[in-house]
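Coordinates in review
Spelled out, the chains give:
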Amino acid sequence: MARVPVLIVEDDADIANLIRFHLEREGFATRIAASGTAALAAVEREPPQAILLDIMLPDLDGFDVCRRLKRGAATRDIPIVMVTSKGEESDVVVGLELGAEDYITKPFSPKVLVARVRAVLRRHEPEPTGQISLAGGDMLIDPARHAVRIHGEEVELTLTQYKLLAYLASRPGFVRTRDQMVAAVRGEDAVLSSRAIDVHIAALRAKLGAMGEIVETVRGVGYRLSDQRPASLR
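The structure reproduced in this document is the subject of the present report. No experiment lies behind these values; they were computed from the predicted model shown.

**Re unusual backbone geometry**
The omega torsion of the bond from Lys106 to Pro107 falls at -5°, within 30 degrees of zero and hence cis. Locating Pro107 in the fold gives a position in the loop between strand E5 (102-105) and helix H5 (110-123). With a phi angle near 55°, His146 is a residue other than glycine that sits in the positive phi range. Within the fold, His146 resides in the loop between strand E7 (139-142) and strand E8 (147-150). Judged by relative accessible area, which is 35%, His146 ranks as partly exposed.

Written as structure tokens, this is what we have:
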């Protein structure tokens, strides 16, 4: 399996090598750029699938690098995670408004950093073009129309409810944490939080009726979608 390329933009060699070590241990391929100018040149030569971007750089700062990348037709869709010691709320807001996907402050947990990279990559996976069949064909999810049908009848869901269901259905049987679910639908609900996920899931189950049983709670972790027909419908 090909290793996913990630560009690390960091002028502190110790931090850059620490990030490289943990990403490569998890199967990523990495390159390091020690300045904003070097980062832009590296992206132009070989666009990565994700960028970890420091703000405090010796020439162009991270905000400027992000701004330039998001203006380019060939680079605007590359997900950027800002990794920096500038953790003030105003800096976070500027980074996100420029188009960064996420924001991690130093010092950071390497495990959290790797998880955040995986999360932004998942959000950029192409949506399936075909219908997703669940519960023995009793439920169909149509990504092209953002529609859900149970026994041929369309179920009226909010966009957030649909996004959550589609995200769980993308990998039936796999547990998704609340934070992963927030990340998957970020931008669709400005006030969505990890605890708000429980409220949306409860509403989703209610709208799915008996089929709502396939949305399973994994205590202390999050949710998963069973691909089995609910016992009450067998």
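Right, picking up where we left off after that structure.
**Examining the packing of aromatic side chains**
By the definition in use, this model includes 0 aromatic pairs. Lying across the ring of Phe174, Arg171 places its NZ or CZ 3.8 Å from the centre.

**Let's talk about the packing of helix H2 (residues 36-45) against helix H3 (residues 62-71)**
Geometrically, a packed helix pair is captured by the angle between its two axes and the distance between the axes. Taken N-terminus to C-terminus, the directions of H2 and H3 make an angle of 25°; their axes are 9 Å apart at the nearest point. In this view, H2 runs roughly parallel relative to H3, as classed from their interaxial angle. Crossing hand, H2 versus H3: right-handed. Facing Gly36, Leu40 and Val43 of H2, the residues of H3 in contact are Val65, Arg68 and Leu69. Classifying every residue of the contact of H2 with H3 gives 4 nonpolar, 1 polar and 1 charged.

**Focus on H5**
End to end, H5 covers 20 Å across 14 residues, agreeing with the expected 20 Å (1.5 Å per residue, within 8%). Looking only at H5, the buried set comprises Leu113, Val114, Val117, Ala119, Val120 and Leu121. Close packing links the buried residues of H5 with strand E1 (5-9), helix H1 (13-25), strand E3 (50-53), strand E4 (80-84) and E5.

**Digging into the nonpolar core**
Nonpolar side chains tend to gather and get buried jointly when the protein is soluble and globular. Counting residues in each nonpolar core, the largest one holds 28 residues, and the members touching the most others are Met139, Leu165 and Leu208. Within the residue set of this core, elements represented by two or more residues are strand E6 (132-134), E7, E8, helix H6 (159-169), helix H7 (178-185), helix H8 (196-208) and strand E12 (222-225). When residues of this core are assigned to their parent elements, the largest contribution, 7 residues, is made by H6. In terms of nonpolar packing, the next biggest core, distinct from the first, is built from 21 residues, Ala39, Ile51, Val65 and Cys66 among them.

**Examining the pattern of salt bridges**
Pairs may arise between side chains of opposite charge once their charged atoms sit close together. Following the criterion strictly, the structure yields 10 salt bridges and no others. Asp102 is the partner of Arg116 in a salt bridge, and the nearest nitrogen-oxygen pair spans 3.3 Å. On the criterion of sequence distance, the pair formed by Arg116 in helix H5 and Asp102 in strand E5 is long-range, its members being 14 residues apart. Classification of Asp102 by relative accessible area gives buried; the value is 12%. A salt bridge links Arg145 to Glu154; its shortest N-O distance comes to 3.3 Å. Linked by salt bridges that have partners in common, Glu10, Asp54 and Lys106 make up one network.

Parameters and conventions
- Residues numbered from 1 in each chain as written.
- Predicted model: local features only at pLDDT ≥ 70, side-chain atom pairs only at ≥ 80, totals over all residues.
- Heavy atoms only, no water.
- Helix = DSSP H or I, 4+ residues; strand = E, 2+ residues; numbered from the N terminus.
- Buried < 20%, exposed > 50% of the residue type's maximum accessible area, 1.4 Å probe, protein only.
- Phe/Tyr/Trp six-rings, centres within 6.5 Å; stacked < 30°, edge-to-face > 60°.
- Lys NZ or Arg CZ within 6 Å of the ring centre and 35° of its normal.
- Axes fitted to C-alpha atoms, helices over the stretch in contact; angles between N-to-C directions.
- Parallel < 35°, antiparallel > 145°, perpendicular 65-115°, else oblique.
- Left-handed = near helix turned anticlockwise from the far one by under 90°.
- Contact = heavy atoms within 4.5 Å.
- Nonpolar A, V, L, I, M, F, W, Y, C, P; charged D, E, K, R; others polar.
- Expected span 1.5 Å × (residues − 1).
- Core = buried A, V, L, I, M, F, W, Y, C linked by side-chain atoms within 4.5 Å.
- Salt bridge = Lys/Arg side-chain N within 4 Å of Asp/Glu carboxyl O.

Nothing here speaks to function; it is geometry throughout.
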